[in-house]
Amino acid sequence: MSGRPLDVLEASLGEEVTVRLKGGEEYVGDLSGYDQHMNLVIEDDQDTTIIRGDNVVSINP
């Protein structure tokens, strides 16, 4: 998958992604939303997590 970052996020909506943060934490879940600042909404079976875009190091679809 290649392209502009927001295009990759759009293509990944509803799919499982792994998000790595600056502090070394990792979140795995379905990408249910994002905005132009790359703030992310990740959902798993039990929780919904909102991640600020400036903390994100990588997103692997």
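Each remark here, short or long, concerns the structure printed above.
Residues numbered from 1 in each chain as written. Predicted model: local features only at pLDDT ≥ 70, side-chain atom pairs only at ≥ 80, totals over all residues. Heavy atoms only, no water.

So, about the sheet that holds strand S1 (residues 16-21). The five strands are arranged S4-S3-S2-S1-S5 in an open sheet whose pairing can be described as antiparallel. What marks the edges here is a single partner per strand, and that holds for strand S4 (48-51) and strand S5 (56-60). Pairwise comparison of adjacent strand axes, ignoring direction, gives a mean angle of 40° for this sheet. Pairing analysis gives four bridges linking strand S2 (residues 26-34) to strand S3 (residues 40-43), with the strands arranged antiparallel. Considered in S3, the bridge of Gly33 is made with Val41. Against the sheet, helix H1 (residues 5-12) makes contact with S1, S2, S3 and S5, and its axis sits at roughly 95° relative to S2, the strand it touches most. (Pairing = 2+ DSSP bridges. Helix = DSSP H or I, 4+ residues; strand = E, 2+ residues; numbered from the N terminus. Axes fitted to C-alpha atoms, helices over the stretch in contact; angles between N-to-C directions. Contact = heavy atoms within 4.5 Å.)

Looking at the secondary structure, you find Thr18 in strand S1. Judged by its relative accessible area of 18%, Thr18 is buried. (Buried < 20%, exposed > 50% of the residue type's maximum accessible area, 1.4 Å probe, protein only.)

All right, on to the pattern of salt bridges then. A side chain of one charge can pair with a side chain of the opposite charge if their charged atoms are brought near each other. Overall, the coordinates contain three salt bridges when judged by the stated rule. Taking the shortest distance from any N to any O, the salt bridge between Arg4 and Asp7 comes out at 3.0 Å. Of the residues examined, Arg4 reaches a relative accessible area of 58% and is grouped as exposed. A relative accessible area of 37% means that Asp7 is categorised as partly exposed. With its nearest N and O atoms 2.6 Å apart, the salt bridge here joins Arg20 to Glu26. For Glu26, a relative accessible area of 43% puts it in the partly exposed group. (Salt bridge = Lys/Arg side-chain N within 4 Å of Asp/Glu carboxyl O.)

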